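Overview (structure and organization)
Below, each chain spelled out in residue letters.
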Amino acid sequence: MTVVVRVAADWTFRITPGEPGESYTMPELGSRVDIVPASAAVPFVRHVGERLVRVVEESDVEDPDRCVGAEFVFETGSVAAWSFGGDLHLAGGEPRRPA
């Protein structure tokens, strides 16, 4: 299964099953969004084809129904993803071990 990790127009963090969409323009903002293959620098790339062990979502403290990030744990490492200022941020690392 493929999942899409993105920041929505309202700056909420979204995880949904699906495939990446097509490139598109936003004339009202004078900008274009291009959908391109991920470079090797993207933390998820090294885990392509690996089993996803678990996903731990993080909620907004003031609005618990609003997801602001998640940790994706794979067998060989993890990827932290979060929304900040309307941008998607990613960081790779070792998986957290249960306490």
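Check the entry above for the structure.
Scope of this entry: the structure provided in the associated data block. Just so it is clear, the structure is predicted and the values come from calculations on it, not from any experiment. Residue positions within a chain follow its written sequence, with the count starting from 1. Per-residue local features are limited, in this predicted model, to residues with pLDDT of at least 70; the limit for side-chain atom pairs, both in listing and counting, is 80 or more; totals at the level of whole chains, interfaces and linings are taken over all residues. Calculation of side-chain values draws on the structure's entire complement of heavy atoms; hydrogens and water are dropped beforehand.

1. Comments concerning the pairing of strand β1 (residues 3-7)
- Two strands pair when backbone bridges link them, and β1 and strand β2 (residues 13-17) are joined in this way by 5 bridges, in the antiparallel orientation. Note that in β2 the partner of valine 3 across the bridge is proline 17. DSSP-based pairing: two strands are paired if at least 2 bridges between them are found. Strands are runs of DSSP state E lasting at least 2 residues, helices are runs of H or I lasting at least 4, and numbering of each runs from the N terminus.

2. Topic: the sheet that holds strand β6 (residues 67-74)
- Ordered by their spatial adjacency, 4 strands build an open sheet running β5-β6-β7-β8, and the pairing between neighbours is antiparallel. The two strands at the open ends of the sheet, each matched to only one other strand, are β5 (52-59) and β8 (87-93). The mean angle between the axes of side-by-side strands here comes to 15°, regardless of whether they run parallel or antiparallel.
- Of the pairings in the sheet, the one linking strand β7 (residues 77-84) to β8 comprises 7 bridges and is antiparallel in character. Bridge pairing in β8 places serine 83 opposite leucine 88. For helices, the fitted line uses only the C-alpha atoms of the stretch in contact; every axis is such a line through C-alpha atoms, and the angle between N-to-C directions lies from 0 to 180 degrees.

3. Quick notes on the nonpolar core
- In these notes, a set of buried Ala, Val, Leu, Ile, Met, Phe, Trp, Tyr and Cys residues joined through side-chain atoms within 4.5 Å is what counts as a nonpolar core. Burial here depends on accessible area, computed with a 1.4 Å probe over protein chains only, as a share of the maximum for the residue type. Under 20% is buried, over 50% is exposed, and the range in between is partly exposed. Core analysis: the biggest nonpolar cluster contains 8 residues, these being Val5, Phe13, Cys67, Ala70, Phe72, Phe74, Val79 and Ala81.
- At the level of elements, β6 and β7 are the ones that each hand at least two residues to this core.
- The contact partners of cysteine 67, leaving out residues within four places of it in the chain, are Thr12, Phe13, Glu57, Glu58 and Ser59. Two residues qualify as a contact provided that any one of their heavy atoms is within 4.5 Å of a heavy atom in the partner residue.

4. Focus on the packing of aromatic side chains
- Centres within 6.5 Å make a pair out of two Phe, Tyr or Trp rings, where for Trp the six-membered ring is used; the pair is then stacked when the planes are under 30 degrees apart, edge-to-face when over 60, and tilted otherwise. Taken as a whole and judged by the stated rule, the model has 2 aromatic pairs.
- Relative to phenylalanine 72, the ring of phenylalanine 44 lies with its centre 5.2 Å away and its plane at 75°, an arrangement referred to as edge-to-face. Of this pair, phenylalanine 44 sits in the loop between β4 (31-33) and β5 while phenylalanine 72 is found in strand β6, placing the two residues 28 residues apart along the sequence.
- Between phenylalanine 44 and phenylalanine 74 the ring centres are 6.5 Å apart and the planes differ by 80°, which places this aromatic pair in the edge-to-face class. One end of the pair, phenylalanine 44, is in the loop between β4 and β5; the other, phenylalanine 74, is in strand β6, with 30 residues separating them in the sequence.

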